[in-house]
Amino acid sequence: MKILIADDEIISRRLLEKTLERAGYEVLAVENGRLAVEQLNRPDGPRLALLDWVMPELDGPGVCRAVRRQQDQQEQAYVYMVLLTSKESKEDIVTGLESGADDYLTKPFNADELKARLRTGERILLLEGRLVEAREMMRFKATHDALTSIWNRGVIMDLLGRELARSQRESGCTIVLLGDVDHFKLINDTHGHPIGDQVLTEIARRLLLSIRSYDFVGRYGGEEFLMVLNNCNPQSAEARAEEVRKVVNVRPIQTTIGELQVTMSFGVLLSHDWGRRPVEELLFEVDAALYAAKAAGRNCVRIARPNVESANASVPADEAVHRLR
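Reading guide: rules and limits
- Residues numbered from 1 in each chain as written.
- Predicted model: local features only at pLDDT ≥ 70, side-chain atom pairs only at ≥ 80, totals over all residues.
- Heavy atoms only, no water.
- Buried < 20%, exposed > 50% of the residue type's maximum accessible area, 1.4 Å probe, protein only.
- Helix = DSSP H or I, 4+ residues; strand = E, 2+ residues; numbered from the N terminus.
- Arc of directions from axis to C-beta.
- Pairing = 2+ DSSP bridges.
- Axes fitted to C-alpha atoms, helices over the stretch in contact; angles between N-to-C directions.
- Contact = heavy atoms within 4.5 Å.
- Core = buried A, V, L, I, M, F, W, Y, C linked by side-chain atoms within 4.5 Å.
- 1 Å grid on protein atoms, 1.4 Å probe; cavity = no way out; pocket = protein on both sides within 12 Å on 5 of 7 lines; lining within 4 Å.
- Points joined across faces, edges and corners; volume = space filled by probe spheres on them.
- Nonpolar A, V, L, I, M, F, W, Y, C, P; charged D, E, K, R; others polar.

J.: Whenever I open this one, helix H7 (residues 184-191) confuses me. Can you help?
T.: Residues Phe184, Ile187 and Asn188 constitute the buried set of H7. Along the long axis of H7, the arc covered by the buried residues comes to 95°, so they all point the same way. Away from its buried face by more than 90 degrees, H7 exposes Lys185, Leu186, Asp189 and Thr190. Residue Gly192 follows H7 closely and has a positive phi angle near 100°.

What follows is the structure, encoded as structure tokens:
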């Protein structure tokens, strides 16, 4: 494990360095508190630190406060810090620990005691790492679809609302794509749900690869996928949607029973065509465009136009789409 030593006395610093290197640590030594803060706040900085109390530019407790403040602001990895000092009063110990130090060791110290305290720090860091991993796993499960690992419905809806609001503020254009896998029920009925799951997983992967790093794709429900492409040129919306559609059917999907040729139909909506409308209303309109794509023979793209009434207006869009799928 990498460890930082901060001590302005060169002899003490060298002795500590040699002791810890023999104990198997990768040692980084600095001579003042400012350099210690710089190293400990780096993303790849040491997770263990031995800090002399009295140092130029910034003392040991000052280093602890600066590192803890940075951790609170940016959610950086925890650093286990031990203060080294000749101060022995209870008031000094309290001051050191309240500054953010995890442990306190008085000089002169025993090398075996120092190594034992550092091993305690390693155990705490290991536990903290496991807790962070568990928290991130819970966060991932709460925001991502369990099957495809892309954004789940709740998150993609939230992202859609945010991007539409931003487009309104900045007079930009957000392109909304609602896609549905053609004849997906037939895939499930013919080959079984596990094969259907493989198809959805591969489609999600292809859709994710087809967008920019700042665009979004999520599983809207069942075999439907919602895509949010922000800050787009309205003139290229249809061509962009066609590119996404072709990404899905450009080659068969490999499953455990062999290759399956799969296509998707897409409804497309340009936010700047619709002005200030509720998200629910825009989703209804893009769903109607998806229904039009299904009615046109599937494996195609249709754009929601506010000034064009659907020829199927007498049939509710959600009901008609359900029948076609």
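The discussion continues.
J.: Just to check I follow, could you spell out the sheet that holds strand E5 (residues 103-106) for this structure?
T.: Pairing between the strands of a sheet is mediated by backbone hydrogen bonds and can be parallel or antiparallel. Strand order in the open sheet made by the five strands is E2-E1-E3-E4-E5, with parallel pairing throughout. Every other strand in the sheet has two partners, leaving strand E2 (26-30) and E5 as the edge strands with one partner each. When strand polarity is set aside, the average angle formed by the axes of neighbouring strands in this sheet is 20°. Judged from the four bridges that link them, strand E4 (residues 80-85) and E5 form a sheet pairing that is parallel. Residue pairing across strands places Leu83 opposite Tyr104, the latter belonging to E5. Contacts from helix H3 (residues 60-74) reach strand E3 (48-52) and E4 within the one sheet, and its direction differs from that of E4 by about 170°. Across the sheet, helix H5 (residues 111-143) is in contact with strand E1 (2-6), E3, E4 and E5; its angle to E3 comes to roughly 135°.

J.: For this particular structure, what's the right way to read the environment of Lys185?
T.: Residue placement: Lys185 occurs in helix H7. On the basis of relative accessible area, Lys185 is assigned to the exposed category, the value being 53%. C-alpha separation for the pair Lys185 and Arg240, spaced 55 residues apart in sequence, amounts to 27 Å.

J.: Sorry, what's going on with the sheet that holds strand E7 (residues 216-221) here?
T.: Pairing within the open sheet is mixed, and its five strands lie in the order E7-E8-E6-E11-E12. Edge positions in the open sheet fall to E7 and strand E12 (301-303), since each of these has one partner strand only. Neighbouring strand axes in the sheet, compared pairwise and without regard to direction, differ in orientation by 20° on average. Where E7 and strand E8 (residues 224-229) come together, five bridges link them in antiparallel fashion. Note on E8: the bridge partner recorded for Arg219 is Phe225. The strands that helix H6 (residues 153-170) touches are strand E6 (175-181), E7 and E8; relative to E7, the one it contacts most, it runs at about 130°.

J.: Mind showing me how you'd approach the nonpolar core here?
T.: Nonpolar side chains in soluble globular proteins tend to be buried together. Judged by nonpolar contacts, the single largest core of 32 residues is most densely connected at Leu177, Ile203, Leu207 and Phe225. Mapped by element, the contributors of at least two residues to this core are E6, H7, helix H8 (193-209), E8, helix H9 (237-249), strand E11 (264-270) and E12. Top contributing element to this core by residue count: H8, with six residues. Once residues lying within four places of it in the same chain are set aside, the contact partners of Leu207 are Val217, Phe225, Met227, Val244, Val248 and Phe266. Judged by nonpolar contacts, the second largest core, of 20 residues, contains Val155, Phe216, Leu226 and Leu282.

J.: Looking at this structure, how should I read empty space enclosed by the protein?
T.: It is a probe the size of a water molecule, rolled over the atoms, that shows where empty space is left. On inspection of all chains with the given rule, the structure shows one cavity of 30 Å³ or more. By volume, the largest cavity is sized at about 30 Å³. Counting residues per element, the ones that place at least two in the lining of the largest cavity are H6 and helix H10 (279-295). For the lining of the largest cavity, the leading source of residues is H10, giving four residues. For the lining of the largest cavity, the residue count by class is seven nonpolar, no polar and no charged.

Such coordinate-based values are descriptive only and should not be taken to indicate function.
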